[in-house]
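# Residue-level structure breakdown
What follows is the residue order along each chain.
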Amino acid sequence: MQVRELDISDAFEFTPPSFPDHRGLFVAPFQEEPFAAATGHRMRLAQVNHSVSARGVIRGVHFADVPPGQAKYLYCPRGAILDVVVDVRTGSPTFGRWEAVRLDSDEYRALYLAEGLGHAFAALTDDTVVSYLCSTPYNPAAEHGIDPLDPDLDLPWSELDVEPVLSDKDRKAPRLAEAQADGLLPDHRTCLEHYESLRRAG
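In what follows, the accompanying structure is described. (Residues numbered from 1 in each chain as written. Predicted model: local features only at pLDDT ≥ 70, side-chain atom pairs only at ≥ 80, totals over all residues. Heavy atoms only, no water.)

## Re the pairing of strand β8 (residues 80-86)
Cut-off, in case you're wondering: Accessibility here uses a 1.4 Å probe with only protein chains present; expressed as a share of the type maximum, an area under 20% marks a residue as buried, one over 50% as exposed, and anything in between as partly exposed. Secondary structure elements follow DSSP: runs of H or I no shorter than four residues count as helices, runs of E no shorter than two count as strands, and numbering proceeds from the N terminus. At least two bridges found by DSSP between two strands is the condition for calling them paired.
For β8, a buried count of 7 out of 7 residues is recorded, marking the element as mostly surrounded by other parts of the structure. Burial of the side chains of β8 extends over both faces: Ala80, Leu82, Val84 and Val86 are buried on one face and Ile81, Asp83 and Val85 on the other. Relative to strand β9 (residues 98-104), β8 runs antiparallel, the two being bridged by 7 bridges. Considered in β9, the bridge of leucine 82 is made with arginine 102. The sheet contact formed by β8 and strand β11 (residues 118-123) spans 6 bridges and is antiparallel. Of the residues in β11, the one forming a bridge with isoleucine 81 is alanine 123.

## Some points on the sheet that holds β8
Rule in force here: Angles here are taken between N-to-C directions and fall from 0 to 180 degrees, while the axes themselves are lines fitted to C-alpha atoms, restricted in helices to the stretch in contact.
One open sheet accounts for 5 strands, arranged β9-β8-β11-β6-β13; its pairing is antiparallel. Both outer strands of the open sheet, β9 and β13 (143-145), are each paired with one neighbouring strand and no more. When strand polarity is set aside, the average angle formed by the axes of neighbouring strands in this sheet is 25 degrees. Strand direction decides the pairing type here: strand β6 (residues 58-64) and β11, joined by 4 bridges, are antiparallel. By the bridge assignment for β11, arginine 59 is matched with phenylalanine 121.

## What about empty space enclosed by the protein?
Filter applied, for reference: Only protein atoms enter the 1 Å grid used here, on which a cavity is any set of points holding a 1.4 Å probe that cannot leave and a pocket is any open set flanked by protein within 12 Å on both sides along at least five of seven lines; residues with an atom within 4 Å of a point are listed as lining. Grid points are joined across faces, edges and corners, and a volume is the space filled by probe spheres set on the points. Three categories are distinguished: nonpolar for Ala, Val, Leu, Ile, Met, Phe, Trp, Tyr, Cys and Pro, charged for Asp, Glu, Lys and Arg, and polar for the others, with Gly belonging to the last.
Under the definition given, this model contains 1 cavity of 30 Å³ or more. Of the pockets and cavities examined, the largest cavity occupies roughly 70 Å³. Around the largest cavity sit 13 residues that line it, and His62, Phe63, Gln70, Lys72 and Leu117 are the ones nearest its centre. When residues in the lining of the largest cavity are grouped by element, the largest group, 3 residues, is from β6. Its residues assigned to classes, the lining of the largest cavity shows 5 nonpolar, 5 polar and 3 charged.

Structure representation (structure tokens):
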């Protein structure tokens, strides 16, 4: 398993080896030991999410209150997505910055986002499937979003050659500056303390 930490701290890309043969293919997109070596703690698993999206669908930017937040480990078993990590942690050295990674069913790369980071993706093909391992169950009261079309963020949706398709909730989400002014964003120091508590717990 190859591991790469993104320029935005507490986000990692994992590239597993794959084993094709005359029967098909075998690959293990999540492996606990490389994950723990990279992050310093085990992956807590409370929920598995599965989404199917048409080409041009954008989901996000989503994040949750910290603590407890919701960490995500995701990969794309069918199709392809442009997956985007957005640092929405106020006080972070990379606050407001984003990084994009292509996840697809050719290489089965996976992406881990620690609690407090914002997440969005755009489906690049029809019938694209994304599987997410989530550290906490869905909690509507603690879930928030940022407008994925916020011009100040300027997320890399130019790769889409179709009109973006968004949910009403995502379309009506505030811009990053509005969410910051309203006190909706996670605090970087609080996030770091939470990550350290996970490492102490093993």
